[in-house]
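# Overview (structure and organization)
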Amino acid sequence: MRRYLVAGNWKLNLGPAAGLVLASGVRDRLASLDSLASAEPGCDVLVCPPYVTIPAVREVADGHPLLLGAQTCADHESGAFTGEISAAMLAEVGCSHVIVGHSERRQYQRESDDQFVRKIDLAHAAGLTAIFCYGELLDERQAGRAETVVRDQITGVLPRLASVTAENTLLAYEPVWAIGTGETATPEIAQAMHAHSRTVVGELLGGELAADIRILYGGSCKPTNARELFALPDVDGGLIGGASLDAESFVGIVEAAVALV
Ligand code: PGA
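Read on for an overview of the structure.

Thresholds, definitions, all that
- Residues numbered from 1 in each chain as written.
- Predicted model: local features only at pLDDT ≥ 70, side-chain atom pairs only at ≥ 80, totals over all residues.
- Heavy atoms only, no water.
- Helix = DSSP H or I, 4+ residues; strand = E, 2+ residues; numbered from the N terminus.
- Rg over C-alpha atoms; globule rule 2.2 N^0.38 Å.
- Buried < 20%, exposed > 50% of the residue type's maximum accessible area, 1.4 Å probe, protein only.
- Areas by Shrake-Rupley, 256 points an atom, 1.4 Å probe, with all protein chains shown as cover.
- Lys, Arg positive; Asp, Glu negative; His and termini not counted.
- Charge placed at Lys NZ, Arg CZ, Asp CG, Glu CD.
- Pairing = 2+ DSSP bridges.
- Axes fitted to C-alpha atoms, helices over the stretch in contact; angles between N-to-C directions.
- Contact = heavy atoms within 4.5 Å.
- 1 Å grid on protein atoms, 1.4 Å probe; cavity = no way out; pocket = protein on both sides within 12 Å on 5 of 7 lines; lining within 4 Å.
- Points joined across faces, edges and corners; volume = space filled by probe spheres on them.
- Nonpolar A, V, L, I, M, F, W, Y, C, P; charged D, E, K, R; others polar.
- Salt bridge = Lys/Arg side-chain N within 4 Å of Asp/Glu carboxyl O.
- Near = heavy atom within 4 Å.
- Polar contact = N/O pair within 3.5 Å; in protein donor to acceptor, adjacent residues only side chain to side chain.

What follows deals with the overall build of the chain. Secondary structure assignment for the chain yields 11 helices and 8 strands. Relative to the compact-globule value of 18 Å for 261 residues, the chain shows a C-alpha radius of gyration of 17 Å, a close match. Each of the three principal axes of the chain carries a C-alpha extent, and together these read 45 × 45 × 35 Å. Taking all 261 residues of the chain together, 53% fall into the buried category. A total of about 11200 Å² of accessible surface is found on the chain, and carbon and sulfur atoms cover 53% of it. Counting 19 positive and 33 negative side-chain charges, the chain places the centres of these two groups 2 Å from one another.

The pairing of strands in a sheet comes from backbone hydrogen bonds and takes either a parallel or an antiparallel form. Overall, parallel pairing links the 8 strands, which are arranged β1-β2-β3-β4-β5-β6-β7-β8 in a closed barrel. Neighbouring strand axes in the sheet, compared pairwise and without regard to direction, differ in orientation by 25° on average. In this sheet, strand β6 (residues 169-173) lies alongside strand β5 (residues 129-134) in parallel orientation, the contact comprising 5 bridges. Residue pairing in the sheet places C133 in a bridge with A172 of β6. The strands that helix α7 (residues 146-155) touches are β5 and β6; relative to β5, the one it contacts most, it runs at about 150°. Across the face of the sheet, helix α11 (residues 247-260) comes into contact with β1 (4-9), β2 (43-48) and β8 (237-240) while running at roughly 170° to β1.

Turning next to the layout of surface pockets. Roughly 450 Å³ of internal volume is contained in the largest pocket. Around the largest pocket, the lining comprises 18 residues; the ones closest to its centre are K11, Q71, T72, R105 and Q109. It is helix α4 (residues 103-108) that provides the largest number of residues to the lining of the largest pocket, a total of 3 residues. When grouped by side-chain class, the residues that make up the lining of the largest pocket number 8 nonpolar, 6 polar and 4 charged. In this structure, the second largest pocket occupies an estimated 290 Å³ of space. If you go around the second largest pocket, you meet 16 residues; those closest to its centre are M1, R2, R3, Y4 and G42.

Across all of its chains, the model carries 14 salt bridges by this definition. One salt bridge connects D28 with R27, and the closest N-O pair in it is separated by 3.1 Å. Under the relative-accessibility criterion, D28 is labelled partly exposed at 47%. With its nearest N and O atoms 2.7 Å apart, the salt bridge here joins R141 to E136. Here the salt bridges do not stand alone but share partners, grouping R2, R198, D234 and D236 into one network.

Another aspect to go through is the site of the ligand. Taken together, 13 residues lie around the ligand, and K11, H102, E174, G180 and S220 are the ones closest in. The contact in question runs from an oxygen atom of the ligand to an N or O atom on the side chain of H102, over 2.7 Å. In this structure, an oxygen atom belonging to the ligand sits 2.6 Å away from a side-chain N or O atom of E174. Coverage of the ligand by the protein amounts to 96% of the 290 Å² it exposes when considered alone. A class-by-class count of the residues in the shell around the ligand yields 4 nonpolar, 7 polar and 2 charged.

The following block contains the structure:
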């Protein structure tokens, strides 16, 4: 059975002091959810702060059911790449996950499939689980191309990786028109796109992986719509932006997942 994952992507928000406050609030609220402390929690909870906030969050997360991740990593192992942070460095500071291919990195940093492949391979080599994001733009959906775009984004990366397992890789379908806009994919769209993603993974890498790999939904997910989305057969949790910046709303989304376990 696929376990839920609720992941917070803090983006360019919260330095160490403010991050510590939010992470403490999340940790304390999670403590009241008994099922998260069990041996088989049914839902993983992850926060991805800015790099410099990671050590502060680690202080409050250590020993609690709160995983730590980063929002991206370098596509090189080491060397003269000013400003970059490697996957191995992230593992060293306590990260278990890293987001790769977020639409904001595609748009503002012009990151490419080749880079995603290198980043994910390096993440895996460092022992990290990669969360690979993809999703169509509004005009691509309006032109009836959403399924083709998603197929191309998955095909451009997954089969080229040195290794893909349901443990070392998660997918995150994030329709770009729903990110930070307050507009959420309808349950019909989310289910159709997640099922389509799973079909594409099956064609490329086999039915076993397709059945086991977790696919998160991202795009204006909040406590009020999380349950409806997470109840869909092919949705295995969420990648949460705006609503992860408030402890109550983030844990409200975790509660939606826990209620379905
Ligand atoms: P949002 O962001 O929840 O603010 O729409 C989601 C994401 O970018 O991962």
